[in-house]
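# Working through the structure, step by step
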Amino acid sequence: MNDKMPYYMAYPMPFSYDDEREERRDFEYLKSMYPDVPKRILPYVEEECDRMEYENSMVYDQYPDKLQLKLMCRRICDNVRKHERIFQDVGEVEETERRDGRRRNQGGVDSGFLRDLAEVMLYQELYKRRCDHRRRCRRIY
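So, how was this worked out
Residues numbered from 1 in each chain as written. Predicted model: local features only at pLDDT ≥ 70, side-chain atom pairs only at ≥ 80, totals over all residues. Heavy atoms only, no water. Helix = DSSP H or I, 4+ residues; strand = E, 2+ residues; numbered from the N terminus. Contact = heavy atoms within 4.5 Å. Areas by Shrake-Rupley, 256 points an atom, 1.4 Å probe, with all protein chains shown as cover. Buried < 20%, exposed > 50% of the residue type's maximum accessible area, 1.4 Å probe, protein only. Salt bridge = Lys/Arg side-chain N within 4 Å of Asp/Glu carboxyl O. Axes fitted to C-alpha atoms, helices over the stretch in contact; angles between N-to-C directions. Parallel < 35°, antiparallel > 145°, perpendicular 65-115°, else oblique. Left-handed = near helix turned anticlockwise from the far one by under 90°. Nonpolar A, V, L, I, M, F, W, Y, C, P; charged D, E, K, R; others polar. Polar contact = N/O pair within 3.5 Å; in protein donor to acceptor, adjacent residues only side chain to side chain. Expected span 1.5 Å × (residues − 1).

### With respect to the overall build of the protein chain
Across its full length, the protein chain carries six helices and zero strands. Listing the helices and strands of the protein chain from first to last along the sequence gives α-α-α-α-α-α. Residue pairs at least 24 apart in sequence account for 66% of intrachain contacts in the protein chain once pairs closer than 6 positions are excluded. Entry remark: accessible area of the protein chain is about 10600 Å², with carbon and sulfur atoms responsible for 52%.

Following this line, the structure appears as structure tokens:
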């Protein structure tokens, strides 16, 4: 018998690019639903990730250096404090905390909250970029 396979069965994954497009669309939609404070921090996180996104960057290491990630987070927090009005007093409060040895809450946003939120958002953004990078490097045309 003649066991010829139909064309569409010979190449079973013709729409793999659509999956990536759908994932990207879902991710962008969910980012648009962020609350106000994370939505204001997100551009600074993306800017820092863009700055560190180059070939052989430490963010693409198998185990990125924790100190370097903390420094990235500190740069994000410094930029947020410098440019966002609701976080400008946080730097002053942080300085007072170091002197007094206690933590205060200024206007609902304290330095620990900002640092923790920026760190979580940074790790999420790095995870997404590392996955995209692996997917790009794996492709063979």
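### Concerning the environment of Arg115
Looking at where Arg115 falls in the secondary structure, it is placed in helix α6 (residues 111–138). Arg115 sits in the partly exposed class, given a relative accessible area of 38%. Along the chain, Arg115 and Ile76 lie 39 residues apart, while their C-alpha atoms are 8.7 Å from each other.

### Observations concerning the pattern of salt bridges
One pass over the full model with this rule turns up 15 salt bridges. For Arg24, the salt bridge identified is with Glu28, shortest N-O distance 3.9 Å. Of the two residues, Arg24 and Glu28 are both situated in helix α2 (residues 16–32); the distance of four residues between them amounts to about one turn of the helix. By relative accessible area, which is 36% here, Glu28 ends up partly exposed.

### Points about the packing of helix α4 (residues 66–83) against α6
At their nearest, the axes of α4 and α6 sit 9 Å apart, and the two run at 120 degrees to each other. By the angle between their axes, α4 is oblique relative to α6. Between α4 and α6 lies a crossing whose hand is right-handed. The segment α4 lies against α6, with Leu69, Lys70, Met72, Cys73, Ile76, Cys77, Val80 and Arg81 engaging Ser111, Leu114, Arg115, Ala118, Glu119, Leu122, Tyr123 and Leu126. Across the contact of α4 with α6, the residue classes tally to 11 nonpolar, one polar and four charged.

### Re the packing of helix α3 (residues 36–51) against α6
Relative placement of two packed helices is described by the angle separating their axes and the distance separating the axes. Across the interface, α3 lies against α6 with an axial gap of 9 Å and an inter-helix angle of 55 degrees. The pairing of α3 with α6 is recorded here as oblique in orientation. Classified by chirality, the crossing of α6 by α3 is right-handed. Where α3 abuts α6, its residues Val37, Pro38, Ile41, Leu42, Val45, Glu46, Cys49 and Asp50 lie against Phe113, Leu114, Leu117, Ala118, Met121, Leu122, Glu125, Leu126 and Arg129. Here the contact of α3 with α6 is built from residues that sort into 13 nonpolar, no polar and four charged.

### So, the side chain of Glu84
Positionally, Glu84 belongs in the loop between α4 and α5 (88–100). We classify Glu84 as buried; its relative accessible area is 13%. A distance of 3.0 Å separates polar atoms of two side chains, one belonging to Glu84 and the other to Tyr44. The residues touching Glu84, leaving out its near neighbours within four places in the chain, are Arg40 and Tyr44.

### Topic: α4
For α4, built from 18 residues, the straight-helix expectation of 26 Å at 1.5 Å per residue is met to within 8% by its first-to-last C-alpha distance of 26 Å. Within the span of α4, buried status applies to Leu69, Met72, Cys73, Ile76, Cys77, Val80 and Arg81.

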